[in-house]
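Here is how the chains run, residue by residue.
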Amino acid sequence: MMSVRDDKNSLKRTPLYDLHVSLGGKMVPFAGYDMPVQYPAGVLKEHLHTRSQAGLFDVSHMGQIALRPKSGKVDDAARALERLVPQDIVAIAPGRQRYAQFTNEAGGILDDLMVANFGDHLFLVVNAACKAEDEAHLRANLSDACVIDSLADRALVALQGPKAESALAKLCAEAPSMKFMDAGPHTVAGIKCFVSRSGYTGEDGFEISVPAADAERLTKTLLENPEVMPIGLGARDSLRLEAGLCLYGHDIDTATTPVEAALEWSVQKSRRTGGARAGGFPGAEKILAHFDNGASRRRVGLRPEGRAPVREGALLFADGAGGEPIGKVTSGGFGPSLNAPMAMGYVPANLGALETKLFAEVRGQRLPLTVAAMPFVKNTYKR
Amino acid sequence: MTTTLYTSDHEWLAIDGDVATVGITDYAQSQLGDVVFVELPKVGRTLKKAEAAAVVESVKAASDVYAPISGEVLEINDALAAEPALVNSDAQAAAWFFKIRIADKSELGGLMDEAAYKAHTA
């Protein structure tokens, strides 16, 4: 269970802290912030409500960074950022967003992030626990070409679920015409925001960057919709796991390459061997070798038989008894929409095929599970 | 006539002669959140006081339930396998976990009555 011994006084608060407390949020330490893990409805109801109606998440702890090209040309910022990520950033059209990873010299992942092209600059959203290091990394490597502008005075809220579009449309007329991964400045409830059609739940939805001073007003306005419920970090985790999405520091980290992490789809052909701008990012040799020759292990989805959840850290075995561990679960829990346990973890490539039977050690017992396709619950992105 | 006693780990025991029915308290279920799986001891197993006897899994986390007293497991509540959420809706009655034959009545001495437990969770 979560430690309650962390010094509450050292925790940072998002601009929505008072609102969380007034809504009955159960506050816990997360990435240095005092954040709501759940509200009175509880994780299960919050999860199911997001899938059937709409959920509102405070993700203001995440880092928001503007990369402003010194030349004035966004293409120069894109070329500069390509030094640090294996993605094609140049090809992100104005008003579009793409998923990316900062890699290290060993081919591991320093953080995963979203990169949007706002026409005259790039807008990045990075993980809370990594944001200080990410900023230092950007400053150390891109200061020749870009001004790295930490947007610490902005909050970030995510509105997710089938009713997200209609709820946001009342405050932002352009919202319904946006497609999955569209991103740009929009006025929401009269407030100048950055809006993207994206999220971390597998549902259609939006992420809205709002000036800190206006965050509570915007959030309260969204919550006036009876179909919009506040959602804590507990359901955020079960939703993203059902969607097969990685949690940095758990499913991906400095010891996993994008290929091992089954994130090949996120690395465009232009940056791979034979591409127009192949390589040129940290760890390119290792990562491209994984593309060309395969990696010896791979992140896979796992479906335990029965009802018992198999949690992070559980060792995986090829057989029901004996033998050495072949891998480890990196995220695991119970999927409320799946109505079954689910997990992801790393296994040797030769044991990663769909339907492969494996075992996880839980409380001294070997529980059978099967390598399964992700997402576990079908996503509903509006493409 | 049964007497209900409580542990500081938030279990309840309904004592009826030399048999105790054991479950977790309403306070415990409210702290755990939505229960999705309960693992119970095998009937016939002899539990020693304070050893892990059962596991309650919520969406968030797994929590051990420790044997509040020593004794043989006589019966388990099969209803919890089909409907783990009973733990949330009726923790102190329908969602009992197991029945145990009390091996040593002196172990009951260390348990709390309802008033003491209320003070403990206040």
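Residues numbered from 1 in each chain as written. Chains lettered and ligands numbered in written order. Predicted model: local features only at pLDDT ≥ 70, side-chain atom pairs only at ≥ 80, totals over all residues.

### Quick notes on the domain arrangement of chain A
Residue and element names in this part refer to chain A.
Here is step 1: Taken domain by domain, chain A consists of domain 1 (8–60 + 153–242) and domain 2 (296–383).
Here is step 2: Placing a centre on the C-alpha atoms of domain 1 and another on those of domain 2 gives a separation of 29 Å.
Here is step 3: Counting residues at the interface gives 14 residues for domain 1 and 15 residues for domain 2.
Here is step 4: Of all the secondary structure elements, the ones that give two or more residues to the side of domain 1 that touches domain 2 are α2 (43–52) and α7 (233–242). (Domains from an automatic or database assignment. Contact = placed C-beta atoms within 7 Å. Helix = DSSP H or I, 4+ residues; strand = E, 2+ residues; numbered from the N terminus.)

### Considering the nonpolar core
All names here are of chain A.
Here is step 1: With 125 residues, the main nonpolar core has Leu 81, Val 115, Leu 122, Leu 124, Val 157 and Leu 159 as its most contacted residues.
Here is step 2: Element by element, the count of residues in this core is highest for strand β6 (residues 109–117), at 6 residues.
Here is step 3: In terms of domain composition, this core takes at least three residues from each of domain 1 (8–60 + 153–242) and domain 2 (296–383).
Here is step 4: With residues near it in sequence (within four places) discarded, Val 115 still touches Leu 81, Ile 89, Ile 92, Gln 97, Arg 98, Ala 100, Leu 122 and Leu 124. (Core = buried A, V, L, I, M, F, W, Y, C linked by C-beta atoms within 7 Å. Buried ≥ 20, exposed ≤ 12 C-beta atoms within 10 Å, placed from the backbone.)

### Looking at the packing of α2 of chain A against α7 of chain A
All names here are of chain A.
Here is step 1: Where α2 meets α7, the axes come as close as 8 Å, and the angle between the chain directions of the two elements is 55°. Relative to α7, the element α2 lies oblique. Judged by the twist between their axes, the crossing of α2 over α7 is right-handed. Across the interface between the two elements, Val 43, Glu 46, His 47 and Thr 50 from α2 touch Gly 234, Ala 235, Ser 238 and Leu 239 from α7. (Axes fitted to C-alpha atoms, helices over the stretch in contact; angles between N-to-C directions. Parallel < 35°, antiparallel > 145°, perpendicular 65-115°, else oblique. Left-handed = near helix turned anticlockwise from the far one by under 90°.)

### What about the pairing of strand β9 (residues 154–160) of chain A?
A regular strand places its side chains so that they alternate between the two faces of the sheet.
Residues and elements named next belong to chain A.
Here is step 1: With 7 of 7 residues buried, β9 is to be regarded as a mostly interior element.
Here is step 2: Alternating positions in β9 separate into two faces, Arg 154, Leu 156, Ala 158 and Gln 160 on one and Ala 155, Val 157 and Leu 159 on the other, with burial throughout.
Here is step 3: When strand β3 (residues 54–58) meets β9, the two strands line up antiparallel, connected through 4 bridges. Looking at β9, one finds that Gly 55 is bridged to Gln 160.
Here is step 4: By the bridge criterion, 7 bridges tie β9 to strand β12 (residues 205–211) in an arrangement that is antiparallel. Bridge assignment links Arg 154 to a residue of β12, and that residue is Pro 211. (Pairing = 2+ DSSP bridges.)

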